[in-house]
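A structural walkthrough
If you want the building blocks of each chain, they are given just below.
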Amino acid sequence: MYVDRLLAAGGRARTARDHGVDIVLDAWSGSSRDRRAAMIAAQGDLPRAASYAGGGWSKLLEGDVNAALQAARGAIRSPGMAFLEAEALFAAGAVVAGLECLEALHRRGEPEGTLALARRRHQLGDHPGTVRVAQTLPWHAHAALTGARSALTGNRPGVALRLVEPYLQGFAPLPEPAVAAAFVATTAATLARFREAAQLQRFVDRVVAAGDLPEDMMPAVARAAWIAGRGREAWHRFDVEKSPWCVAARLELAILAGDADLSAQLMARAGPLGAPSDPAVKLLRGEPDARDATPGEPLTDNAREVFGADKVVHLWRTHPHRWRPWIDAALRTPANVVVCDLSAGELPDPEALPWAVMDDGALVEAIAPVAARPEQPPGYGVHVDPELCTGVGVGHDWPDAEADAVRDAFPRAAAEPAVQVLGAEAALAHADRGRPTAVVAPPGDPFWAGPLPERVWPHFNVVRSSAHAGWEGGGARLVATVQELLQPGGDGARAPDEPQA
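For clarity, every value in this text was computed on a predicted model and none was experimentally measured.

Moving on to helix H3 (residues 33-42). The buried fraction of H3 is high, at 7 of 10 residues. Positive phi appears at Gly44, one or two residues downstream of H3, with a value of about 95°.

Next comes the structure, spelled out in structure tokens:
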């Protein structure tokens, strides 16, 4: 049978397969090892890229950035080596130069450049840019998954569904069980945004009930089950005595339930399979505990070196508000801290080589935050935001009846309320106003489930859902929280019946 090798190679490059299949196809076709190594690295797996191709890839894995750059620039006509140059630039801290290299590969139609550009933009918080790039590689599972996650972060569930649906229908290939599981979790989150409870539960129930479910699918499937309101069933399904993967699945459920102690116990038992959950467990436990540290004080020896005098640090903002107290703390250090924001086009000099590069979320483990000091301006009444917690999942969204209970309990706010009741994102966006605020925490978010928000924003009183009862009784708890804030001498500026000046 006649096969156009050029067309076949182009098709292979734009779809994802199990890596064992790729080894066979590349051996038969004689395609470049560096080309495949580039695609592996674009998916975020540099160790496997190095084990496959060696050479400059191994040097990059070992941290020898100069040797990796020399290897790449010695064969710059190769797309694989051009990609290695981009990765080496990122490793050297030259993020903008690395992005420019990936943009050039993307414009030339090189799929590994497109995939890596989408992944990097997602990591750096440019979610509209991620979606635009991912949509140009529609039949590659990793690109579709990255684009769908960014679409959900940007509250565009319709875009997310369009990206994942070809894979759910079987039109586009899913390469391996772990990727299929990631599609299950992302699809569950997408259906939750649409509040399609019946379809969500039908879909997840079939997956959870599969007796031959591959082990490496279990943690992501556990997350999907929790989103569908099937956390209890998933807990019993993934018996820790059966497999280490079941321990990892239960760890996922414990984190979603906001149980810090149980999460830490399961983390210790999960071993290497628990490593991806380490940042979430630390957020739940409020680690490291910086309550007694001076704002802006580095918390580790490495952080003291990074934020020392004469050091240049590029700090990438990935969320518009969440990590602001830590960013403010970093700006107090002797280092020259440059705050960058890819989504807003705020970029450093492409030629700049900083001493360190980090994203804003990484600051939690590095530096003591600057806690807010609200002025508590006078006000009257209570403002209740219409969107407190929606699109999280079955049993995790704030019930309308509970919101009505809060609105009916207090006089409506004038222009400046004494107390405001907000969802998490709105609370962060208005944190600088200093109003006493009751915050409805989104279930499943380890940041809000832990102690950090109330430590950093003392005018926040966070109301959380119960791991067992959900939001049942949440309205009464929220009313009690608001009443406490309104008490004379409390955080509220005026009692509810005091007229506004």
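From this point, the discussion proceeds with the structure in view.
This part covers helix H10 (residues 127-134). The α-helix advances 3.6 residues per turn, and as a result positions three or four apart in sequence lie on the same side. Taken across its 8 residues, H10 has 6 buried, putting it largely inside the fold. Every buried residue of H10 is listed here: His127, Gly129, Thr130, Val131, Val133 and Ala134. Those residues of H10 that are buried lie in contact with helix H8 (95-107), helix H9 (111-123), helix H11 (141-153) and helix H12 (157-169). The N-cap of H10, judged by a side-chain oxygen 3.1 Å from the amide nitrogen of Gly129 a few residues on, is Asp126.

Next up on the list: the pairing of strand S2 (residues 336-340). Relative to S2, strand S1 (residues 312-316) runs parallel, the two being bridged by 5 bridges. Residue pairing for S2: Leu315 is matched across the bridge by Val339. Crossover S1 to S2 through helix H21 (residues 324-331) is right-handed.

Our next topic: the sheet that holds S2. One open sheet holds the 3 strands; their spatial order is S2-S1-S3, and the pairing between them is parallel. Edge strands, defined here as strands with exactly one partner in the open sheet, are S2 and strand S3 (356-359). For this sheet, the mean angle separating the axes of adjacent strands, direction not counted, is 20°. Alignment of S1 against S3, held across 4 bridges, turns out to be parallel. The partner of Val313 across the bridge, within S3, is Ala356. H21 contacts S1 and S2 of the sheet and is inclined by roughly 150° relative to S2.

Turning our attention to the environment of Val179. Topologically, Val179 is positioned in helix H13 (residues 177-194). Take Val179: its relative accessible area is 6%, and that puts it in the buried class. Each C-alpha atom of the pair Val179 and Ala141 lies 7.7 Å from the other, and the pair is 38 residues apart in sequence. When near neighbours in sequence (up to four residues on either side) are disregarded, Val179 contacts Ala141, His142 and Leu174.

Right, let's get into the pairing of strand S5 (residues 419-423). In terms of burial, S5 is a largely internal element, 5 of the 5 residues being buried. Burial along S5 is two-sided: the face carrying Val419, Val421 and Gly423 and the face carrying Gln420 and Leu422 are both buried. One ladder, built from 3 bridges, connects strand S4 (residues 382-384) with S5; its direction is parallel. Considered in S5, the bridge of His383 is made with Gln420. In the sheet, S5 pairs with strand S6 (residues 437-440) via 4 bridges, with the strands oriented parallel. In the sheet register, Leu422 faces S6, and the bridge partner there is Val439.

Another aspect to go through is the confidence of the model for the protein. Taken over all residues, the pLDDT of the protein has a mean of 89, while the share at 70 or more is 94%. Within the protein, the element-level pLDDT minimum falls on helix H1 (residues 5-13), averaging 63, and the maximum on helix H15 (residues 218-227), averaging 98. Scored below 50 in pLDDT, residues 492-501 shows 27 contacts in the model against residues more than four places distant or in partner chains.

Okay, the environment of Gly286 next. Structurally, Gly286 can be placed in the loop between helix H19 (278-285) and helix H20 (301-306). Spatially, the C-alpha atom of Gly286 lies 35 Å from that of Ala415, the residues being 129 residues apart in sequence. Setting aside chain neighbours within four positions, we find Gly286 in contact with Pro451, Leu452 and Arg455.

Attention shifts here to the side chain of His140. You can see His140 is positioned in the loop between H10 and H11. Since its relative accessible area comes to 0%, His140 is described here as buried.

Here we come to the nonpolar core. Within the largest apolar cluster, 47 residues are counted, with the highest numbers of intra-cluster contacts made by Phe238, Val421 and Leu478. Considering each element in turn, this core owes the most residues, 7 residues, to H15. Setting aside anything within four residues of it in sequence, one finds Leu478 in contact with Leu388, Trp398, Val406, Val421, Ala438, Val440 and Val463. Within the second largest apolar cluster, 43 residues are counted, among which are Ala37, Ala68, Ala94 and Ala97.

For the pair H9 and H10, interaxial distance at closest approach is 8 Å and the crossing angle is 165°. With respect to H10, the axis of H9 lies roughly antiparallel. Along this stretch, H9 crosses H10, giving a crossing that reads as left-handed. In contact with Thr114, Leu117, Ala118, Arg121 and His122 of H9, H10 contributes His127, Gly129, Thr130, Val133 and Ala134.

Reading the values: rules and limits
- Residues numbered from 1 in each chain as written.
- Predicted model: local features only at pLDDT ≥ 70, side-chain atom pairs only at ≥ 80, totals over all residues.
- Heavy atoms only, no water.
- Buried < 20%, exposed > 50% of the residue type's maximum accessible area, 1.4 Å probe, protein only.
- Helix = DSSP H or I, 4+ residues; strand = E, 2+ residues; numbered from the N terminus.
- Contact = heavy atoms within 4.5 Å.
- Polar contact = N/O pair within 3.5 Å; in protein donor to acceptor, adjacent residues only side chain to side chain.
- Pairing = 2+ DSSP bridges.
- Right-handed = clockwise from strand over helix to strand, strands pointing away.
- Axes fitted to C-alpha atoms, helices over the stretch in contact; angles between N-to-C directions.
- pLDDT = per-residue confidence, 0-100.
- Core = buried A, V, L, I, M, F, W, Y, C linked by side-chain atoms within 4.5 Å.
- Parallel < 35°, antiparallel > 145°, perpendicular 65-115°, else oblique.
- Left-handed = near helix turned anticlockwise from the far one by under 90°.

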